[in-house]
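Read off the chains here:
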Amino acid sequence: MIRNHPLLLGATLFALAASGAQAQNDQALKNDAKSTGDVLTYGMGYNNQRYSPLKQINTGNVKKLAPVWAYSLNNTQSHESQPIVHDGVMYVTTHDSTVAINPLTGKQIWKTAVELPQDVFKYACCGILNRGAAIYNGKVYRTTLDAHVIALDAKTGKQLWKSKAAEYTDGHAQTAAPLIVNGVVMTGIAGGEYGTRGFIDGWDANDGKKLWRLYTTAAPGEKGGDTWPGDTHSKGGAPTWLTGAYDPELDLVYWGTGNAGPWNPQVRLGDNLYVCSVLAIRPKTGELVWHYQFSPNDPYDYDATEVGMLVEIKGRKVLAQANRNGFFYVLDRTNGKLLAANPYVKVNWADKIDMATGRPVESEATKKVRAGEDVQIWPSVLGGKNWTPMSWNPATGLAYANTLNMSWPYQIVKQDYKKGEWYLGMNMRGVTMPKDEPHGYLSAMDPMTGKSKWKMPWPGQPSMAGTLSTAGGLVFTGAATGEFIAVDANTGKKLWQFQTSSGIIGLPVTWEHKGKQYVSIVSGAGGVWALLGDERMAATPAGGSVWTFALQP
Ligand code: CA
Ligand code: CA
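Residues numbered from 1 in each chain as written. Chains lettered and ligands numbered in written order. Predicted model: local features only at pLDDT ≥ 70, side-chain atom pairs only at ≥ 80, totals over all residues. Heavy atoms only, no water.

A. Region of interest: the environment of Arg 324. Tracing the backbone shows Arg 324 in the loop between β20 (316-322) and β21 (327-332). Arg 324 sits 24 residues away from Tyr 300 along the chain, and the two C-alpha atoms are 9.8 Å apart. Excluding anything up to four places from it in sequence, Arg 324 contacts Trp 241, Asp 301, Tyr 302, Asp 303, Tyr 344, Pro 379, Val 381, Leu 382, Gly 383, Gly 384, Lys 385 and Asn 386. In this structure the side chain of Arg 324 is engaged in a polar contact, spanning 2.8 Å, whose partner is the backbone oxygen of Asp 301. (Helix = DSSP H or I, 4+ residues; strand = E, 2+ residues; numbered from the N terminus. Contact = heavy atoms within 4.5 Å. Polar contact = N/O pair within 3.5 Å; in protein donor to acceptor, adjacent residues only side chain to side chain.)

Here is the structure:
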C-alpha cells in the first residue's frame, strides 16, 4: 500500500517531529515569564511585566552585586537592545549587527553584520538603534533600519531569510523586537513623523512569507474610515514602532499605535482611527477584535506605542498603560472597556478622561492651540514617559517607570508633505525643563490612581531606560550618565550602583544558570534624548557594551 511506502512514512515522521518542536517552542514562549533560566521574549514574558520570580539577589545582599563580564558591541550609536537568553546563548542586536555571546563568560560565539544602504541614516527619526531580537524554533529574528525582517540560524548566525516590509526612502524604519505567537512573526513600523501610513505585519516564521497586514489608519469605506477627512488617512501615521503583548488564554495580541500625521491636528479633523490607540488583534489573521483610542485626533505626538503590561488587578484581566499623554490607563483587556484613567505626571492638555465615554475632555490650553495660539503644553513631546517600558511587581501592586517632568511650546503651522521628510505642521522648538524641579523620576505608581507611592528624582538629566522588577524586592534601571542601579521596590531607596562605560537607555533582564542569578544590561548613550542636544551629556561617552552582574561569593 502506498501509505506504507518508507519514503512517505519518513516524510510524515519528519513533519510530526517538526510540528512537535514548534509546539514545544510555542509552549516555551507562553511560559517565559515563569521560566527563570531563559529570557525568550521582549518584555520578559508575553505579559510584558518585566518581572522575575528570582530572589537570590535581594534587598539584603544587592550591595555585593558585581560585574562578571562586559562585551563591547563596537558601535557608537544608540543602544536600546533587550538581551535574549536561550539554551546557553545570549543574543543582542545593534543597528548594524546581531551577536551571540556566551552568557557566562561574555565570549562572542558569532556576529553577523546587517547590510544597510548608505543613506538609511537620513530617514531614521529618533536614534540609530535596534531594540532586540526574538527567538523561535532554532532561528533568531530581528528587524532593520531599512524596514526588513531577518531570520538567522541561532547556532551559526547564517541568514536564512530576509523579507521587505516597506520602502525606507518614504521614511519607514524598523527598530523593535518582533513578537512571535504560534509561528507568526509580528512586526510593526516606524515613520509617523514622515507622513507614512502605519501597519502591523504577520510573517511565517519558517520562510518569511507575509501572512497578513493590518493597516493602522482606516481607509474610506472601512470601519473608522469616516474619522479622516479626504485621503488624510494615507499620510495619517499611527506607526507601530514597539513590540506588542499577548494573552494566550484570550488569544489576543495587544499592539500600541503612535501619533497622527502631520502633528497639526487641524488639517485632519476627526478622531483619526486608529492613531494613539491600543489594538487587540488575532495573531493568526491580523483581525482587529477591539480598539481603544487614548488620544483621539492626537494634537501632540502622544504615541501610544509602548503598549503597557498585562496584569491582574482585583482578579480582573487588565491592560495597564502609562500613556505618553500623561494619563495612566487601566482597560479590561477582554473587551477594551476603560476602568481607570488618571494623570501620573503634570497634564494640562486635557482636564480629565470622561469615564463614561472613555474620551479626554480637552482643556482651555488645547482649545487655544487649535485656534492657532502659542501655548506651553504638559506633558512635552517626550510624554509623561517615553518609549521605555515599565515593570510590575505583583507583591507591591506597583508599576515602575522612568517618568518625565517637562513641557513644550506648541503652535501649529502650515506645512506641505514632501516624501522622505518630516511632516509635522508645528513650530518645533524642543522641550522646556522646569527650573527648580527634577526633570524626571523613577516612579512607583498605582495604575488605578496614577499616584506614586514613591518617586526617586534623577539628579541632572532624566533616565530614558527601562526597568526590571524582581521577587527580591528590587527594581533595576539605569541612568543617562551610565550608572546601573538597584532600588528598593517598597521605598525607592537606592541600594546599589555601578558605573557602566556609557549612558544607559536599555532594558535590564535577569536569568539564572545552575542556581546562580545574573542581571544583564546593554549600556550605550543616545536615543531620542540625544537629539535634544543636552550639553549635560558631554561627559558621557558613546559606545555600546553588554554588562552581566552576579553576587560576589
Ligand atoms: Ca523565561
Ligand atoms: Ca511620534
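B. Region of interest: the coordination of the calcium ion (ligand 1). Here the calcium ion (ligand 1) is held by the protein donor atoms Asp 32 (O), Asp 32 (OD), Ser 35 (O), Ser 35 (OG), Asp 38 (O) and Asp 38 (OD), which lie 2.2 to 2.5 Å from it. When the donors of the calcium ion (ligand 1) are listed by position in the chain, the intervening gaps give D-x2-S-x2-D. Judged on exposure class, the residue Ser 35 and its partner Asp 38 are both buried. (Donors = N, O, S within 2.8 Å, 3.2 Å for Na, K, Ca; no water. Buried < 20%, exposed > 50% of the residue type's maximum accessible area, 1.4 Å probe, protein only.)

C. How the structure looks around the coordination of the calcium ion (ligand 2). Donor atoms from the polypeptide that bind the calcium ion (ligand 2) are Glu 193 (OE), Asn 259 (OD1), Asp 301 (OD), Asp 303 (OD) and Asp 303 (OD), placed at 2.3 to 3.0 Å. The class of Asp 301 is buried, set by a relative accessible area of 3%. Under the relative-accessibility criterion, Asp 303 is labelled buried at 4%.

D. How the structure looks around the side chain of Asp 332. Mapped onto the elements, Asp 332 comes out in strand β21. There is a polar contact of 3.1 Å between the side chain of Asp 332 and the side chain of Arg 316.

E. How the structure looks around the confidence of the model for the chain. Counting all residues, the mean pLDDT for the chain is 95, and 97% of those residues have values of 70 or more. When mean pLDDT is compared element by element in the chain, strand β32 (residues 474-478) scores highest at 99, while helix α1 (residues 6-30) scores lowest at 73. (pLDDT = per-residue confidence, 0-100.)

F. How the structure looks around the side chain of Ser 295. As for its placement among the helices and strands, Ser 295 is situated in the loop between β18 (288-293) and β19 (309-313). At a separation of 3.0 Å, a polar atom in the side chain of Ser 295 contacts the side chain of Asn 325. Excluding residues within four positions of it along the chain, Ser 295 makes contact with Val 275, Cys 276, Tyr 302, Asn 323, Asn 325 and Trp 349.

G. Main features of the pattern of salt bridges. The tally for this structure, following the rule as stated, stands at 16 salt bridges. In this structure, the salt-bridge partner of Lys 317 is Glu 249, at a minimum N-O distance of 3.8 Å. Of the two residues, Lys 317 sits in strand β20 while Glu 249 sits in the loop between β15 (245-247) and β16 (252-256), which places them 68 residues apart along the sequence. The exposure class of Lys 317 is buried, given its relative accessible area of 18%. For Glu 249, a relative accessible area of 69% gives the class exposed. Among the ionic contacts, a cluster of salt bridges with common partners joins Asp 247, Glu 249, Glu 312, Lys 317 and Arg 333. (Salt bridge = Lys/Arg side-chain N within 4 Å of Asp/Glu carboxyl O.)

H. Layout of the packing of aromatic side chains. Following the criterion strictly, the structure yields 30 aromatic pairs and no others. With a centroid separation of 5.0 Å and an interplanar angle of 75°, the aromatic rings of Trp 408 and Tyr 410 are classed as edge-to-face. The exposure class of Tyr 410 is buried, given its relative accessible area of 0%. Measuring from centroid to centroid gives 6.3 Å for Trp 547 and Phe 549, while their planes differ by 20°, and the two rings are stacked. In this pair, the class of Trp 547 matches that of Phe 549, namely buried. (Phe/Tyr/Trp six-rings, centres within 6.5 Å; stacked < 30°, edge-to-face > 60°.)

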